[in-house]
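Chain by chain, the residues:
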Amino acid sequence: GILCLASGLFVLGRMAAFILGHRYRLKTQRLFIEKGILSQTIDQTELIRVDDVRMHKSFLDRIFGLGTVEIASSDATNPSVRIIGVAGPETVAEHVRQNMRIMRKRAVFVENV
């Protein structure tokens, strides 16, 4: 009983620390991934390099309205980005797709000029 409770609390604590230790900011040209609570690493993924956007919702995610947005890109340092525990994952995935398309259209326009 106590062992199960302790292990359950440990797992929940690790999940909370992971979610609290990761922040994501989506701008029109880049996705910023901030990792860490005490020390911090900030990675940037250029949206023009995004190849695919995928969304996943586990059973528990669906209950709590959360999900994971997975981004595959041609970025050398971050070819695969997972945004875990995001509220409204459908909306986030769609914003990434829309901004990626806008950046690609701008790039084609610049190349044709």
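Scroll up to find the structure this text is about.
About the cut-offs
Residues numbered from 1 in each chain as written. Predicted model: local features only at pLDDT ≥ 70, side-chain atom pairs only at ≥ 80, totals over all residues. Heavy atoms only, no water. Helix = DSSP H or I, 4+ residues; strand = E, 2+ residues; numbered from the N terminus. Buried < 20%, exposed > 50% of the residue type's maximum accessible area, 1.4 Å probe, protein only. Contact = heavy atoms within 4.5 Å. Areas by Shrake-Rupley, 256 points an atom, 1.4 Å probe, with all protein chains shown as cover. Pairing = 2+ DSSP bridges. Axes fitted to C-alpha atoms, helices over the stretch in contact; angles between N-to-C directions.

**So, the overall build of the protein chain**
Within the protein chain one finds three helices and six strands. Along the protein chain, helices (α) and strands (β) appear in the sequence α-β-β-β-β-α-β-β-α when read from the amino end. Here the protein chain holds 113 residues, and the buried ones make up 25% of them. Within the protein chain, contacts between residues separated by at least 24 positions form 34% of all contacts whose residues are at least 6 apart in sequence. When the accessible surface of the protein chain is summed, it comes to about 8000 Å², and 60% of that surface belongs to carbon and sulfur atoms.

**Some remarks on the sheet that holds strand S3 (residues 41–46)**
The three strands are arranged S1-S2-S3 in an open sheet whose pairing can be described as antiparallel. Both outer strands of the open sheet, strand S1 (22–26) and S3, are each paired with one neighbouring strand and no more. Each neighbouring strand pair of the sheet contributes to a mean axis angle of 15°, computed without reference to strand direction. With five bridges connecting them, S1 and strand S2 (residues 30–35) associate as antiparallel partners. The residue bridging Tyr24 from the neighbouring strand is Ile33, located in S2.

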